[in-house]
Amino acid sequence: MAPLQKRAWLGIAIGGTISAAVLGILIINGATSFYDDNMMRWTVTGLIIGMLAAWAVLIAPFSSSKGRMKALYDERDEAVLRRASGAQLWGIIGALLAWSIALTEIYWDQGTIPIVFPYLIFWSILMVNTLSQGIGILIGYRRMG
Amino acid sequence: MPKAEISNRIRRLRFDHDEMTQQELADRVGCTRQTIIAVEAGKYVPSLSLAFQIAKAFGVSVEEVFQYEE
């Protein structure tokens, strides 16, 4: 297994766990209480930043063409990384579609959505972006042997 | 455009060069063993640069390593 592939698996495991935790917190406490409950807000924000930091350590070094990581990957890994951006695009489109449908269905009668949602959409897109890159990397390795 | 297949004789050439291992070939051409495995299995088509390096490692022309089949 290539080093990038191992890191993608690890990243998905960490990202998936944190995403599930964030989702669980938001479901249990209610997303609209995000701004009222300081503890919840800092916990969710901390978890998401932790996930992004883990991703920055695991995957981002492979995007650099210089540095010590260069010895761990070659042109096939670069091709896999490039193709993974396609999965990121579909992941983001899917997440935005899900948010749009859910918020429209739930808040159709009110005509407005609580102000917290644009903030949560932003964080969720960052999470989906990192997770879908990992999935794209694994798909790429599967297709390219 | 018709779908083209690029086959290769890397396994045969490794055998002919004193059973050169995939790791040895990878070290010579500057890529990972996983990439050699993928190229050998026909799952990854290498760049021109890597293809020339592989051919050079065996001391043959690119056409003797890779074959283009329509």
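Below you will find a few notes about this structure. Because the structure is a prediction, the values reported are computed rather than measured. (Residues numbered from 1 in each chain as written. Chains lettered and ligands numbered in written order. Predicted model: local features only at pLDDT ≥ 70, side-chain atom pairs only at ≥ 80, totals over all residues. Heavy atoms only, no water.)

## Focus on the overall build of chain B
Inference 1: When its secondary structure is counted, chain B shows five helices and two strands.
Inference 2: When the elements of chain B are put in sequence order from the N terminus, they spell out β-α-α-α-α-α-β.
Inference 3: Computed over its C-alpha atoms, the radius of gyration of chain B comes to 12 Å, within 12% of the 11 Å expected for a compact globule of 70 residues.
Inference 4: Projecting the C-alpha coordinates of chain B onto the three principal axes gives extents of approximately 40 × 20 × 20 Å.
Inference 5: Counting every position in chain B, which comprises 70 residues, the buried fraction comes to 39%.
Inference 6: Accessible area for chain B stands at about 4,400 Å²; split by element, carbon and sulfur atoms hold 52% of it.
Inference 7: Side chains of chain B give 9 positive and 11 negative charges; the mean places of these two sets differ by 4 Å. (Helix = DSSP H or I, 4+ residues; strand = E, 2+ residues; numbered from the N terminus. Rg over C-alpha atoms; globule rule 2.2 N^0.38 Å. Buried < 20%, exposed > 50% of the residue type's maximum accessible area, 1.4 Å probe, protein only. Areas by Shrake-Rupley, 256 points an atom, 1.4 Å probe, with all protein chains shown as cover. Lys, Arg positive; Asp, Glu negative; His and termini not counted. Charge placed at Lys NZ, Arg CZ, Asp CG, Glu CD.)

## Overview of the side chain of Ser132(A)
Inference 1: With respect to the helices, strands and loops of the structure, Ser132(A) is situated in helix 5 (residues 116–143).
Inference 2: Beyond its immediate chain neighbours, meaning those up to four positions away, Ser132(A) contacts Ala84(A), Ala87(A), Gln88(A) and Gly91(A). (Contact = heavy atoms within 4.5 Å.)

The quantities given are spatial measurements derived from coordinates; they are silent on function.
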